[in-house]
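Residues per chain, in single letters:
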Amino acid sequence: MWKLKRLLNVGSERRLKESISTVDDFARRIIRSRKKELRSPAVAAEGFRHQDLLSRFIAGGDDSDEFLRDIVVSFILAGRETTSSALTWFFWLLSERPDVERKILEEIRSVRTRSEGEGKEKESFGFEELREMNYLHAAITEAMRLYPPVPFNSSFCLADDVLPDGTKVGKGWFVSYHPYAMGRTAAVWGEDCGEFRPERWLGPAGISAGETCLGKEMAYIQMKSIATCLIEKFTLEVAGGGGGRPEMLLSLTLRMKDGLPVRIRERATPRSSSPSCKTVS
Ligand code: HEM
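Let us look at the structure shown here. (Residues numbered from 1 in each chain as written. Predicted model: local features only at pLDDT ≥ 70, side-chain atom pairs only at ≥ 80, totals over all residues. Heavy atoms only, no water.)

Regarding the coordination of the iron atom of the ligand
On the protein, C213 (SG) is the one donor atom to the iron atom of the ligand, at 2.3 Å. Position of C213 relative to the elements: it lies in the loop between α10 (186-189) and α11 (216-233). (Donors = N, O, S within 2.8 Å, 3.2 Å for Na, K, Ca; no water. Helix = DSSP H or I, 4+ residues; strand = E, 2+ residues; numbered from the N terminus.)

Section: α11
The end-to-end C-alpha distance of α11 is 26 Å, a good match for the 26 Å that 18 residues give at a rise of 1.5 Å each. Within α11 the residues assigned to the buried category are A219, Y220, M223, K224, A227, T228, I231, E232 and K233. Elements in contact with the buried residues of α11: α5 (65-96), α6 (98-117), α7 (127-132), α8 (134-146), β5 (234-238) and β8 (262-266). (Expected span 1.5 Å × (residues − 1). Buried < 20%, exposed > 50% of the residue type's maximum accessible area, 1.4 Å probe, protein only. Contact = heavy atoms within 4.5 Å.)

Some words on the site of the ligand
Of all residues adjacent to the ligand, which total 17 residues, the nearest are F75, G79, N153, Y177 and C213. One nitrogen or oxygen atom from the side chain of N153 is found 3.2 Å from an oxygen atom belonging to the ligand. The side chain of Y177 places a nitrogen or oxygen atom 2.8 Å from an oxygen atom of the ligand. Secondary-structure elements contributing two or more residues to the shell around the ligand are α5 and α11. Per-element tally for the shell around the ligand: the top contributor is α5, with 5 residues. (Near = heavy atom within 4 Å. Polar contact = N/O pair within 3.5 Å; in protein donor to acceptor, adjacent residues only side chain to side chain.)

What about the environment of A268?
Along the chain, A268 turns up in the loop between β8 and β9 (277-280). A relative accessible area of 71% means that A268 is categorised as exposed. Sequence separation between A268 and T235 is 33 residues; the distance between their C-alpha atoms is 9.7 Å.

If you want it as structure tokens, here you go:
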């Protein structure tokens, strides 16, 4: 049926085409403006100094609009909903586990104290400081084990192949895997697989999650940066909390139905002496 709709350019196929063209135009505008900026005499005089991903791809060889459009669209799609989904579930889990939040805060404060001792008086943490926060890393990873931002995924097989365990896969087959179910399998994680326990990722027993996401490092740095800024300065209380687990909404990513409304209060620290309160979702 969809083939006929596509041929006649009507209904859902027409809407799909229009939506793709809106996204492509958006990406093209970003690319044109960045290329223009890079060609400007001021930037040319200073040499290459743009550190962002798009500028690096432009400088790195294939700078055709089509190639760059695919890069921009895949990074926006792969990078936006995933990290926001992970952080939403992470903050809900923290609201249920003040003991875990306290350990994260202790880690943040100890890195802060050391940095200040070295004369680094900055509002946010740098790359190396964030990388040192192992407990926070483990807590975010544990949240993604229980609530994986990509709860299931499929790959298309281009040619006959054999999986590492000997299973044969034919050309044209789809191979699907289910991180949500895998993250809750007792045979892999033990009988406490339903429990939020960041400690399981600390030490040599940690399990590698593979290296298939190109944005993995960037995602951790983004999430840790946001988590440290919020946890160091504010407490988040789930508005109307205590009602059990929020409802899940299954799309490409694992979202929380209606978001997570929270009441934010400034922590009483030497940096903030006047607590204020705000509800956001
Ligand atoms: C919590 C955050 C994230 C999660 C859970 C996640 C998860 C995933 C998963 C499951 C895949 C598919 C891997 C496969 O089956 O081959 C993937 C691929 C990918 N991700 Fe992420 N991702 C995250 C953040 C990001 C960010 C921030 C970016 C970029 C800014 C990004 C860029 C990509 C790209 C480009 C691919 C495609 C890789 C390829 O085609 O080989 N991701 N990601």
